[in-house]
Protein chains: 2
Amino acid sequence: MIEGHGDDLHKYPHIQVNFSSNVCHILDHTPLIEHLYASMSKIRSYAEPIPYSLHELLAANKQIHSEEILVTNGAVESIYLIAQAFQHKYTYILQPTFAEYADACRVNNIIPRSIFSLDDLPRDAEVFWLCNPNNPTGEVQDAERLYRLIQERKQTLFIIDQSYEYFTLKETLTTDHCVKFPNVILIHSMTKRFAIPGLRLGYITANKNLIKQLLYFKTPWSVNALAIEAGKYLITHQEKFVYDLSHYLSERERVCKELADTRLIDIWESDTHYFLGRLRIGKAYALKEYLATEYGLLIRDASNFEGLDAGAFRIAVQESSDNTLLVNAIKKWITIG
Amino acid sequence: MIEGHGDDLHKYPHIQVNFSSNVCHILDHTPLIEHLYASMSKIRSYAEPIPYSLHELLAANKQIHSEEILVTNGAVESIYLIAQAFQHKYTYILQPTFAEYADACRVNNIIPRSIFSLDDLPRDAEVFWLCNPNNPTGEVQDAERLYRLIQERKQTLFIIDQSYEYFTLKETLTTDHCVKFPNVILIHSMTKRFAIPGLRLGYITANKNLIKQLLYFKTPWSVNALAIEAGKYLITHQEKFVYDLSHYLSERERVCKELADTRLIDIWESDTHYFLGRLRIGKAYALKEYLATEYGLLIRDASNFEGLDAGAFRIAVQESSDNTLLVNAIKKWITIG
């Protein structure tokens, strides 16, 4: 899907605060930017066709082998690569979720089937896509239950996108444990963890055999030299890029409560810093335009997620004062709407 | 193909001069680097999912419509995208040439057939890949003949990679003319033109219908924010990034003559700044290792191009004094070898 995602900031030049992508915008990137400036001569040469040097660093960090990792041009390249490698399979997706899983399936001639609860995962599923924490709902599946399913359903390949794993206090699947299973691929996002969506940096972890199958389809040089350099710097200087997750989570709770209290918005329960809301009256696109035009605040119209309707919107909370501004603006729109 | 390309500089930390990729290394990138530094906050937001703003600038520059252009993560993404969009076709490749055409075909379940002369292009060809100027030989096909073929063979889709179009004085196909044909796709490389292989920036030009077919398979955000920013800057400041092509071409001629005069190396005729040589005695990998270890000079072992053998190597000429150093070092190896 080219159009229709969040963070369409490039279309709204006068935005003050961006709640539309699930990115924590508070991180101070100054040390990273200075490091990239100092590394700028790297643009003059080809980077590694596959960033092995970054694989080594990530593997050490995750306590896995470097053959169990594959860095990609954002999590999106991971998704398309996986869909391409596992064509001609009975594929299920837990919806509503990130649209790229279904799109990646379709361009690879897979017609994915949607399920709306983990209970409904059929026995004949050969491939199962799960976003956990889920985008857009923020829901995290019970980890024990997932591990049990993975062990019970050996004929099913579980593709679990953990792009938001650093934005929940609930247990997600651990990389070093999952590489031992023959039927799990985890997708990770440095984009989200370090709030660098402009650089494009994601990675896959899985057992060696699965990584080998993916490598067959891999194009060389898909991750550019500055993204590789950023990845290496970030993974070795994580302490410079920390954020207060519990503060974010309590802000999310506060915002959700205030909006729910209006009794004009339904709120989905979330385990992370973003959440899904649904207007009882009115359309999300109109709310979005109002907030952008009148207040310079950008939210995500979530009506194009499968299974959702025109009232759905998604918000990733930001600084407290900005969140307050947003809540008040939404309340105002509801009243005048 | 992940390994085996030129510019494997990351494996040779002590290289002084890099002749191994077809990139002119003399350009001064200072203004670009300063511009990127000033634009660094772009890493904090998602870029356009497809860089429409860069499409507009390139289209104006090439005097075509922006719907006739598609910017990709290097020419390599163009190649894989095209192969994916035109699966299940009788596909031919003029060899020896860049390995990625055949690789992109293979991962898309196409078994490409090789031809070694344009005369041998069969009437039943549905897709034909041509690199022009060709990598690794530097040969440029007669433009009139190509235009004639394109018009005669309406059932054949011509995919012509013009990544090196700015490095020859011979006529190549023009973008504004080619978008009028229903059966031509041109691939272009900002990487090569502006010597920025670390940034990854290529683009496709073709008529609207062909671009639309490619867009169906396009993944969002494949070109990162800094690469887009670089592209926009370079296209509007081309005058800051000029090189003396005739000097390069005469250097290539001089180097070729000196090596041919040894009577121990066969030289392929080239129309550009790089050329293909073949050792009559000895192996290219041994010559490459010798030059890298003893002189810090990196050349391309070209033995893995289809149709070539272990004696083949490729050199992209650089500054005069460096070229002289290289010629003398090769002569020394031939004598002691």
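The structure under discussion appears in the preceding block.
These numbers were taken from a predicted model, which means no experiment stands behind them.

Caption draft 1: The arrangement of the overall build of chain A in detail. A tally of regular secondary structure across chain A gives 12 helices and 13 strands. For 337 residues, the compact-globule formula gives about 20 Å, and the C-alpha radius of gyration of chain A, at 20 Å, lands near that figure. Here chain A holds 337 residues, and 64% of them are scored as buried. Once local pairs closer than 6 in sequence are excluded, the contacts in chain A between residues at least 24 apart make up 73%. Total accessible area on chain A stands at roughly 12,800 Å², and carbon and sulfur atoms take up 51% of it. If you average the places of the 34 positive and of the 41 negative side-chain charges in chain A, the two averages end up 2 Å apart.

Caption draft 2: Structural context of the pairing of strand β3 (residues 91–94) of chain B. Residue and element names in this part refer to chain B. On β3, burial covers both faces: T91 and I93 on one face and Y92 and L94 on the other are all buried. One ladder, built from 3 bridges, connects β3 with strand β5 (residues 127–131); its direction is parallel. Following the sheet pairing, Y92 is matched in β5 by F128. Pairing of β3 with strand β4 (residues 113–115) involves 3 bridges; the strand directions are parallel. Bridge pairing links L94 to I115 in β4. In this view, the connection linking β3 to its parallel neighbour β4 by way of helix α4 (residues 100–107) has right-handed handedness.

Caption draft 3: Spotlight on the relation of the copies chain A and chain B. Expressed as a screw operation, the relation of chain A to chain B combines 0.0 Å of axial shift with a rotation of 180°, fitting to an RMSD of 0.0 Å. Both chain copies can therefore be described as sitting about a two-fold axis. Among all residues of chain A, the minimum C-alpha distance to the rotation axis is found for Y37 of chain A, at 3.1 Å. An overlap of 100% is found between the interface residues of chain A and their copies at the interface of chain B, pointing to a shared contact surface.

Caption draft 4: Representation of the pattern of salt bridges in the model. Residue and element names in this part refer to chain A. Under the criterion given, the structure shown has 20 salt bridges over all chains. Here E229 makes a salt bridge to K42, at a shortest N to O gap of 3.7 Å. Here E229, found in helix α9 (residues 225–236), pairs with K42, found in the loop between α1 (30–38) and α2 (52–62); they are 187 residues apart in sequence, far enough to count as distant. With a relative accessible area of 11%, E229 lands in the buried category. The exposure class of K42 is partly exposed, given its relative accessible area of 39%.

Caption draft 5: Structural view of the environment of A310 of chain A. Residues and elements named next belong to chain A. Structurally, A310 can be placed in the loop between β12 (300–301) and β13 (312–316). Separated by 77 residues in the primary sequence, A310 and Y233 have C-alpha atoms spaced 42 Å apart. Contacts of A310, omitting those with residues within four sequence positions, involve K283, A284 and S303.

Caption draft 6: A look at the packing of aromatic side chains. Taken as a whole and assessed by the stated rule, the structure comprises 23 aromatic pairs over all chains. Centroid distance Y101 of chain B to W129 of chain B: 5.3 Å. Interplanar angle 25°. Geometry classified as stacked. Pair noted here: Y101 of chain B is in helix α4 and W129 of chain B is in strand β5, with a separation of 28 residues, a long-range link. Overall, the relative accessible area of 0% leaves Y101 of chain B in the buried class. An aromatic cluster is defined as three or more aromatic residues linked by ring pairs; in this entry it consists of F98, Y101 and W129 of chain A. Directly above the aromatic system of Y166 of chain A lies the positively charged group of R193 of chain A, at a separation of 5.8 Å from the ring centroid.

Caption draft 7: Structural detail: the packing of α2 of chain A against α9 of chain A. All names here are of chain A. Where α2 meets α9, the closest approach of the two axes is 9 Å, and the angle between their N-to-C directions is 25°. As summarised for this structure, α2 and α9 are arranged roughly parallel, according to the angle between their axes. Note that α2 runs across α9; the crossing there is left-handed. Every residue of α9 that contacts α2 at S53, L54, L57, L58 and N61 is listed here: I228, G231, K232, I235 and T236. Considered class by class, the residues forming the contact of α2 with α9 number 5 nonpolar, 4 polar and 1 charged.

Caption draft 8: Looking closely at the side chain of R200 of chain B. Mapped onto the elements of the fold, R200 of chain B is located in the loop between α7 (190–193) and β8 (202–206). For R200 of chain B, the side chain forms a polar contact with the main-chain oxygen of W221 of chain A, separated by 3.0 Å. For R200 of chain B, the side chain forms a polar contact with the main-chain oxygen of P197 of chain B, separated by 3.2 Å. Once residues lying within four places of it in the same chain are set aside, the contact partners of R200 of chain B are Y46, W221 and N224 of chain A together with T72, N73, G74, V76, T191 and A227 of chain B.

Caption draft 9: Spatial organisation of the interface of chain A and chain B. Tallying the contact residues gives 56 residues for chain A and 56 residues for chain B. At the junction of chain A and chain B, the tally comes to 0 salt bridges. Here chain A and chain B share 21 residue pairs in polar contact (both at pLDDT 80 or more) between them. Among the elements of the structure, α1, α3 (74–85), α4 (100–107), α7 (190–193) and α9 of chain A are those that each provide at least two residues to the side of chain A that touches chain B. Of all the elements, α1 of chain A adds the most residues to the side of chain A that touches chain B, at 5 residues. For the side of chain A that touches chain B, the residue count by class is 31 nonpolar, 14 polar and 11 charged.

Caption draft 10: Structural view of the pairing of strand β10 (residues 274–279) of chain A. Residue and element names in this part refer to chain A. Burial analysis of β10 places 5 of its 6 residues in the buried class, the great majority of the element. Relative to β10, strand β9 (residues 265–267) is paired through 3 bridges, and the arrangement is antiparallel. Bridge pairing links D266 to R278 in β10. Between β9 and β10, which pair antiparallel and follow one another directly, the connecting turn spans 6 residues.

Caption draft 11: Examining the sheet that holds strand β5 (residues 127–131) of chain A more closely. Residues and elements named next belong to chain A. As summarised here, the arrangement of the 7 strands in space is β2-β8-β7-β6-β5-β3-β4, forming an open sheet in which the pairing is mixed. With one partner strand each, in any of the chains shown, β2 (69–72) and β4 (113–115) form the two edges of the open sheet. Averaged over all pairs of adjacent strands, the angle between strand axes in this sheet comes to 20°, irrespective of strand direction. Its contacts with the sheet place α2 against β2, β7 (184–189) and β8 (202–206), and it is angled at close to 125° to β2.

Each value, and the rule that gives it
- Residues numbered from 1 in each chain as written.
- Chains lettered and ligands numbered in written order.
- Predicted model: local features only at pLDDT ≥ 70, side-chain atom pairs only at ≥ 80, totals over all residues.
- Heavy atoms only, no water.
- Helix = DSSP H or I, 4+ residues; strand = E, 2+ residues; numbered from the N terminus.
- Rg over C-alpha atoms; globule rule 2.2 N^0.38 Å.
- Buried < 20%, exposed > 50% of the residue type's maximum accessible area, 1.4 Å probe, protein only.
- Contact = heavy atoms within 4.5 Å.
- Areas by Shrake-Rupley, 256 points an atom, 1.4 Å probe, with all protein chains shown as cover.
- Lys, Arg positive; Asp, Glu negative; His and termini not counted.
- Charge placed at Lys NZ, Arg CZ, Asp CG, Glu CD.
- Pairing = 2+ DSSP bridges.
- Right-handed = clockwise from strand over helix to strand, strands pointing away.
- Least-squares fit on C-alpha atoms with pLDDT ≥ 70 in both.
- Salt bridge = Lys/Arg side-chain N within 4 Å of Asp/Glu carboxyl O.
- Phe/Tyr/Trp six-rings, centres within 6.5 Å; stacked < 30°, edge-to-face > 60°.
- Lys NZ or Arg CZ within 6 Å of the ring centre and 35° of its normal.
- Axes fitted to C-alpha atoms, helices over the stretch in contact; angles between N-to-C directions.
- Parallel < 35°, antiparallel > 145°, perpendicular 65-115°, else oblique.
- Left-handed = near helix turned anticlockwise from the far one by under 90°.
- Nonpolar A, V, L, I, M, F, W, Y, C, P; charged D, E, K, R; others polar.
- Polar contact = N/O pair within 3.5 Å; in protein donor to acceptor, adjacent residues only side chain to side chain.

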